[in-house]
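Observations on the model geometry
This is what each chain is made of:
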Amino acid sequence: FSIDWSKFFTSFQTYKYWVAAITFAFFCANFIINSLKLKILLSACKVEQRLPGLIALHWSSNFLSNFLPTTFGGDVYKFYVLQKENQGKGEEILLSMVVSRLIGFVAMIVLNLVLASVIIFTGRSLIVIGSALWWLEIGLLAGLVLLAVMWWQQSFFSNLFARIFPEKKIFDRLLSILNKLKSLPAAALLKVFALSLLYGGISCFAFSLHYWAAGIQPEYISLFYVASLVFLSGVLPVTLNGLGLNEFIQVVMLQELMISSEVAVFVAFIKRVLALMYSLPGSIFLLFNNFANMRK
């Protein structure tokens, strides 16, 4: 694709910047949701933490994620702080964080598959049967099915992987996580899953709102679908907080929705700058350790 930079810079004059206040509110809402998810899982593991402190800690880790691989690079710092404050609870804290991320990832895949189904069955042009996106969705669906089967048939898969890959420990670790996850209360897991779906819905709506602010009348279902792919791509450890990859996906896919490259690049740029600005309070918590008093 090619960029007409004059049109790109013109977008700065027409963008509705007051929308940034709304998306910041969504950003804060998702911070609360993520912190509440972690609190629920920590409580299920007999580790009690106050919600305000978890929000401050999450904000700090989000700021650090701007400079670390994947969109959850800051989790290392979060784990360090939590286990330091809860000596002897490292395994429970790690389990809570892994389960929170795993359920969030699964919820985003479910949301992605639902949106893809709507797009396909309503005849929208974004996903054509037999195309690369079609096979991507088939792969995501197969992955969910495999994960569910492994959940219910752990002993079978454990023996199977031990025979096929006797020297490989990665499958044992995955099955171990699934086994520990099954030990958590079902009510807690359902609450976390529901909150994860809410998080995904808010994120997708905020994504589309930026395009509306840029003067595009969005086709929401398709934009939500693109947003879900952008968020899923953030788990890949080949970028700093998804930098570059997220923007590339937006520009390429939105051309199918007749959104110009100039607008897509502009919105991707604005979103990246705003996300960095939104995370800046985390640097204050990080530098001055104000969250420490909130957590006592």
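From a predicted model like this one, the values you see are computed outputs, not experimental measurements. (Residues numbered from 1 in each chain as written. Predicted model: local features only at pLDDT ≥ 70, side-chain atom pairs only at ≥ 80, totals over all residues. Heavy atoms only, no water.)

**A closer look at the overall build of the protein chain**
Tallying secondary structure elements over the protein chain gives 13 helices and zero strands in all. Secondary structure elements of the protein chain occur, N-terminal to C-terminal, as α-α-α-α-α-α-α-α-α-α-α-α-α. Across the 296 residues in the protein chain, those meeting the buried criterion constitute 45%. Counting contacts in the protein chain only where the partners sit at least 6 residues apart, residues at least 24 apart contribute 74% of the total. As displayed, the protein chain has an accessible area near 15100 Å², and 70% of this comes from carbon and sulfur atoms. (Helix = DSSP H or I, 4+ residues; strand = E, 2+ residues; numbered from the N terminus. Buried < 20%, exposed > 50% of the residue type's maximum accessible area, 1.4 Å probe, protein only. Contact = heavy atoms within 4.5 Å. Areas by Shrake-Rupley, 256 points an atom, 1.4 Å probe, with all protein chains shown as cover.)

**Re unusual backbone geometry**
Phi is positive for K46, close to 65°, though the residue is something other than glycine. Looking at the element boundaries, K46 is found in the loop between α2 (19-44) and α3 (51-65). A residue is classified by how much of its surface remains accessible, and K46, at 64% relative accessible area, is exposed.

**A short note on a nonpolar patch on the surface**
A contiguous nonpolar patch, built from F67, F269, V273, L276, M277 and L280 and spanning about 540 Å² of accessible area, is present on the exposed surface. Mapped onto the fold, L276 is located in helix α12 (residues 261-288). Taking the relative accessible area as the measure of exposure, L276 reaches 38% and is therefore partly exposed. (Patch = residues over 30% accessible without salt bridge, like charges linked within 9 Å, V, L, I, M, F, W, Y side chains within 5 Å. Salt bridge = Lys/Arg side-chain N within 4 Å of Asp/Glu carboxyl O.)

**As for the nonpolar core**
Side chains of nonpolar character tend, in soluble globular proteins, to be buried together. Membership of the largest hydrophobic core comes to 51 residues, with the highest contact counts inside it found for Y15, Y211, Y225 and M253. With nine residues, the top contributor of residues to this core is α12. Those residues in contact with Y15 that lie beyond four places of it in its chain are H210, A213, A214, F266, I270 and L274. Judged by nonpolar contacts, the second largest core, of 13 residues, contains C45, L95, V99 and I202. (Core = buried A, V, L, I, M, F, W, Y, C linked by side-chain atoms within 4.5 Å.)

**Section: the packing of helix α5 (residues 90-121) against helix α9 (residues 186-213)**
It is at 8 Å that the axes of α5 and α9 come closest, and there the two elements cross at 55°. One way to sum up the angle between α5 and α9 is to call them oblique. When the axes of α5 and α9 are compared, the crossing they make is right-handed. In this structure, α5 contributes V99, I103, G104, V106, A107, M108, V110 and L111 to the contact, and α9 contributes L189, V192, F193, S196, L197, G200, G201 and C204. Here the contact of α5 with α9 is built from residues that sort into 12 nonpolar, four polar and no charged. (Axes fitted to C-alpha atoms, helices over the stretch in contact; angles between N-to-C directions. Parallel < 35°, antiparallel > 145°, perpendicular 65-115°, else oblique. Left-handed = near helix turned anticlockwise from the far one by under 90°. Nonpolar A, V, L, I, M, F, W, Y, C, P; charged D, E, K, R; others polar.)

**Focus: the pattern of salt bridges**
For the structure on display, the rule yields two salt bridges. Between K78 and D75 there is a salt bridge, with its nearest N and O atoms 3.6 Å apart. One end of the pair is K78 and the other is D75, both in helix α4 (residues 75-85) and three residues apart, which spans about a single turn. Residue classification places K78 among the buried positions, given a relative accessible area of 8%.

**Some details on the packing of α2 against α3**
One way to put it is that α2 packs onto α3 with a least axis distance of 9 Å and a crossing angle of 115°. Where α2 crosses over α3, the handedness of that crossing is right-handed. Taken together, the residues of α3 that come into contact with α2 (itself represented by F24, F27, C28, F31, I32, N34, S35, L36, L38, K39 and L42) are L51, L54, I55, H58, W59 and N62. Residues of the contact of α2 with α3, tallied by class, amount to 12 nonpolar, four polar and one charged.

**Comments concerning the confidence of the model for the protein chain**
Predicted confidence across the protein chain gives a mean pLDDT of 79, with 78% of residues reaching 70 or more. Within the model, pLDDT remains below 50 along residues 237-242, and this stretch shows 20 contacts once partners closer than five positions in the same chain are excluded. (pLDDT = per-residue confidence, 0-100.)

**Notes on the environment of I119**
Within the secondary structure layout, I119 lies in helix α5. Spatially, the C-alpha atoms of I119 and I221 are 7.3 Å apart, while their sequence positions differ by 102 residues.

**A closer look at α3**
Taking 1.5 Å of rise per residue, 15 residues should cover 21 Å, and α3 covers 21 Å from first to last C-alpha, within 8% of that figure. Counting buried residues along α3, 12 of its 15 residues qualify, which places the element largely inside the surrounding structure. Buried residues of α3: G53, L54, I55, A56, L57, H58, W59, S60, S61, F63, L64 and S65, and no others. (Expected span 1.5 Å × (residues − 1).)

**Focus on empty space enclosed by the protein**
The full count for this structure, using the stated rule, is one cavity of 30 Å³ or more. Together, S35, L38, L54, L57, H58 and K78 line the largest cavity. Of all the secondary structure elements, the ones that give two or more residues to the lining of the largest cavity are α2 and α3. For the lining of the largest cavity, the leading source of residues is α3, giving three residues. Here the residues of the lining of the largest cavity sort into three nonpolar, two polar and one charged. (1 Å grid on protein atoms, 1.4 Å probe; cavity = no way out; pocket = protein on both sides within 12 Å on 5 of 7 lines; lining within 4 Å. Points joined across faces, edges and corners; volume = space filled by probe spheres on them.)

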